[in-house]
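# Descriptive structure summary
Each chain, letter by letter, is given below.
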Amino acid sequence: MNKKHAGTVVVEFVNPETPGYVGFANLPNQVHRKSVKRGFEFTLMVVGESGLGKSTLINSLFLTDLYPERHIPDASEKIAQTVKIEASTVEIEERGVKLRLTVVDTPGFGDSISSQNCIEPIMDYIDQQYERYLQDESGLNRRHILDNRVHCCFYFVSPSGHGLKPLDIEFMRKVHHKINIVPVLGKSDMLTMTEIKKLKRKVLDQIDEAGIQIYRLPDCDDDEDEDFKQQNKQLKEAIPFAVVGSTQLIEVRGKKVRGRLYPWGVVEVENPEHCDFIKLRTMLITHMQDLQEVTHDLHYENFRAEKLAKSGKTPTGGVRASTVEKDKLLADKEVELKKMQEMLSKMQAQMQSK
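Everything in this summary refers to the structure shown in the same document. Just so we're clear, the structure is a prediction, and the values are computed from it rather than from any experiment.

## Some details on the environment of Val97
By the element assignment, Val97 lies in strand E5 (residues 97-105). The exposure class assigned to Val97 is partly exposed, which follows from its relative accessible area of 31%. Considering only alpha carbons, one finds Val97 and Phe40, 57 residues apart in sequence, at a separation of 8.1 Å.

Put into structure tokens, the structure is as follows:
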């Protein structure tokens, strides 16, 4: 309601809420608006041998072309090729929500004779991103820290082998405490459904035997929706995800679908009965926040604690004293305490004599 006082219009403040309602239930909406305005960041690493459809899958997942000018090396180039780290960043916007997506590719992985030459550059890159974030976090300007830490790693397993190769096990064993690993069976249209189930079981058994900790989807809370619980259960059962990627549109039964055309029929990428592409994308989108939290709270904190321990500091910032130094400090305190007691005794004696 507007009221006039001496020629000026005064607008009364209207309570937007009902009586007896404080309003803090609106806090999630404030967080949502702020997050949407700021946008989101996510870094995805893809690792695996050449020819497993890594680039095609990434383009299919995010409906974008991240590798427009990629050079495909021939056999002679692959012999001398070493692992390269290629980070491609793209800004994706969907319904007003912005995502700054960074995809870290590792061309040349598995092509060289020595597996050590494949793994070390990737481990160095992961540590460099943690180190950069730690330095930014310790700096003066902490408001706009760019987060390039690897939040998730799709590790591609060959469908033509009989499970994991020694290189697969060695890589995952060395990095599973640094990043969230999601195993993926590339080009799964090479296998029948029976073969896929058998290979999935074999891969999971090998992972357990090697003591490798892959990313496990969190359990649902009791108050969660039943449909979400069922979806989460199906996603857990689908690991490792058997996927097929394609950016080609094919007409099937009068409808355009993305898929691969073969003499015997069409493999539809987004058909859950044909492959796990939809399940992989659903897992990535619905658990993107959890992947970031696990990266920050577990993997990054482990790196940070290890780094501070090497520099002689505890994670709280205090200097870590050795046992000898502690004993010396205690001894010094005892000597100082004795001196104070002697001085106090002398003062008491002087007072009594007076």
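## Considering the packing of aromatic side chains
Scanning the entire structure with this criterion turns up seven aromatic pairs. When the centroid spacing of 5.4 Å and the interplanar angle of 75° are considered together, the rings of Phe109 and Phe171 count as edge-to-face. Linking Phe109 in the loop between E5 and helix H4 (116-138) with Phe171 in helix H5 (residues 166-175), this pair joins segments that are 62 residues apart in sequence. Taking relative accessible area as the criterion, Phe109 reaches 0% and is therefore assigned buried. Aromatic side chains Tyr262 and Trp264 sit 4.9 Å apart centroid to centroid with 5° between the ring planes, which places their arrangement in the stacked category. One residue, Arg149, lies across the ring of Tyr133, its end atom 3.7 Å from the ring centre. Its guanidinium or amino end placed over the ring of Tyr300, Arg149 lies 4.9 Å from that ring's centre, counting from NZ or CZ.

## Remarks on the sheet that holds strand E8 (residues 241-242)
Read from one edge of the open sheet, six strands run E4-E5-E3-E6-E7-E8, paired in mixed fashion. The open sheet has two free edges, formed respectively by strand E4 (86-94) and E8, since each of these has just one partner strand. Pairing analysis gives two bridges linking strand E7 (residues 181-185) to E8, with the strands arranged parallel. In the sheet register, Val184 faces E8, and the bridge partner there is Phe241. Helix H6 (residues 193-209) rests against strand E6 (152-157), E7 and E8 of the sheet, and its axis sits at about 150° to E7.

## Re the nonpolar core
Counting 72 residues, the largest nonpolar core has Phe42, Met45, Phe109, Phe154, Phe171, Leu280 and Met283 as the members making the most contacts within it. Ranked by residues supplied to this core, first place goes to H4 with nine residues. If we skip the residues at most four places from it in the chain, Phe171 touches Val47, Phe109, Ile119, Ile122, Cys153 and Tyr155.

## Considering the side chain of Lys54
Considering the arrangement of structural elements, one finds Lys54 in helix H2 (residues 54-62). Asp105 provides the closest opposite charge to the buried, salt-bridge-free Lys54, at an N-O distance of 5.1 Å. Among the polar contacts made by the side chain of Lys54, one reaches the main-chain carbonyl oxygen of Glu49 at a distance of 2.9 Å.

## Observations concerning the packing of H2 against helix H8 (residues 277-286)
In a pair of packed helices, the angle between the axes and the distance between the axes together describe the arrangement. One can describe the packing of H2 onto H8 by two numbers: an axis separation of 11 Å at closest approach and a directional angle of 65°. Taken together, the axes of H2 and H8 are roughly perpendicular relative to one another. As H2 packs across H8, the resulting crossing turns out to be right-handed. On the side of H2, the interface is formed by Leu57, Ser60, Leu61 and Phe62, while H8 contributes Phe277, Leu280, Arg281 and Leu284.

## Concerning unusual backbone geometry
Note: most residues except glycine have negative phi, and most peptide bonds are trans. A cis amide bond links Ile239 to the next residue, Pro240, at an omega of -5°. In this structure, Lys187 takes a positive phi of about 50° despite not being glycine. Position of Lys187 relative to the elements: it lies in the loop between E7 and H6.

## Comments concerning the sheet that holds strand E10 (residues 255-262)
Strand order in the open sheet formed by three strands is E9-E10-E11, with antiparallel pairing between adjacent strands. Single-partner strands in this sheet number two, and they are strand E9 (249-252) and strand E11 (265-268). With strand direction ignored, the average angle separating the axes of adjacent strands in the sheet is 70°. Both E9 and E10 contribute to a ladder of four bridges, which runs antiparallel. Residue pairing across strands places Ile250 opposite Val257, the latter belonging to E10.

## Focus: the pairing of E4
Along any regular strand, the residues point their side chains to alternate faces of the sheet. Where E4 lies against E5, nine bridges are found, and the strand directions are antiparallel. Directly across from Glu86, in E5, lies its bridge partner Asp105. Adjacent in sequence and paired antiparallel, E4 and E5 are bridged by two residues, among which Arg95 carries a positive phi angle near 55°.

## Notes on H8
Taken residue by residue, H8 has Phe277, Leu280, Met283 and Leu284 as its buried positions. Buried residues of H8, viewed axially, fall in a sector of 130°; they line one side.

## Brief notes about H2
For H2, the tally of buried residues reaches eight of nine residues, placing the bulk of the element in the interior. Among all positions in H2, only Lys54, Ser55, Leu57, Ile58, Asn59, Ser60, Leu61 and Phe62 are buried. Downstream of H2 by a residue or two, Leu63 has a phi angle that is positive, lying close to 50°.

## Quick notes on a negative patch on the surface
On the surface, a cluster of negative charge is contributed by Asp221, Asp222, Asp223, Glu224, Asp225 and Asp227. Position of Asp225 among the secondary structure elements: in the loop between H6 and helix H7 (226-238). Residue classification places Asp225 among the partly exposed positions, given a relative accessible area of 48%.

The rules behind these values
Within each chain, residues carry numbers counting from 1 in the order of the written sequence. Owing to the predicted nature of the model, reporting of local features is limited to residues with pLDDT of at least 70; listing and counting of side-chain atom pairs is limited to 80 or more, with chain, interface and lining totals taken over all residues. Heavy atoms throughout the structure, all of them, feed into the side-chain values; hydrogens and water do not. Every helix listed is a DSSP run of H or I at least four residues long, and every strand listed is a run of E at least two residues long, numbered separately from the N terminus. Three exposure classes are used, based on accessible area relative to the maximum for each residue type with a 1.4 Å probe and protein chains only: buried under 20%, partly exposed in between, and exposed over 50%. Aromatic contacts are taken between Phe, Tyr and Trp rings whose centres are within 6.5 Å, Trp giving its six-membered ring; a plane angle under 30 degrees counts as stacked, one over 60 as edge-to-face, and the others as tilted. Charge-over-ring placement is defined geometrically: NZ (Lys) or CZ (Arg) within 6 Å of the ring centre, and within 35 degrees of the ring normal. When DSSP finds two or more bridges between a pair of strands, those strands are recorded as paired. Residue contacts are defined here by distance: any two heavy atoms, one from each residue, within 4.5 Å place the two residues in contact. Whenever a helix is involved, its axis is fitted only over the stretch in contact; in every case the axis is a line through C-alpha atoms, and angles between N-to-C directions fall within 0 to 180 degrees. Residues belong to one nonpolar core when they are buried, are Ala, Val, Leu, Ile, Met, Phe, Trp, Tyr or Cys, and are joined through side-chain atoms within 4.5 Å. Counting rule applied: Lys, Arg positive; Asp, Glu negative; His and chain ends not counted. Salt bridge, as used here, is a side-chain nitrogen of Lys or Arg placed within 4 Å of a carboxyl oxygen of Asp or Glu. Polar contact criterion, stated in full: a pair of N or O atoms within 3.5 Å, where within protein one must be able to donate a hydrogen and the other to accept it, and residues adjacent in sequence count only if both atoms are side-chain atoms. Should an angle fall under 35 degrees it is taken as roughly parallel, and over 145 as roughly antiparallel, whereas 65 to 115 is taken as roughly perpendicular and any remaining angle as oblique. Take the far helix as your reference; a near helix turned counterclockwise from it by less than a right angle gives a left-handed crossing, and one turned clockwise gives a right-handed crossing. Note that the arc is computed from the directions linking the helix axis to the C-beta atoms. Only residues whose relative accessible area exceeds 30% and that form no salt bridge are eligible for patches; like-charged ones are grouped when within 9 Å, while nonpolar side chains (Val, Leu, Ile, Met, Phe, Trp, Tyr) are grouped when within 5 Å. With residues, only the protein chains shown are counted as cover, and all accessible areas are computed by Shrake-Rupley using a 1.4 Å probe. For this purpose, a charge sits on NZ of Lys, CZ of Arg, CG of Asp or CD of Glu.

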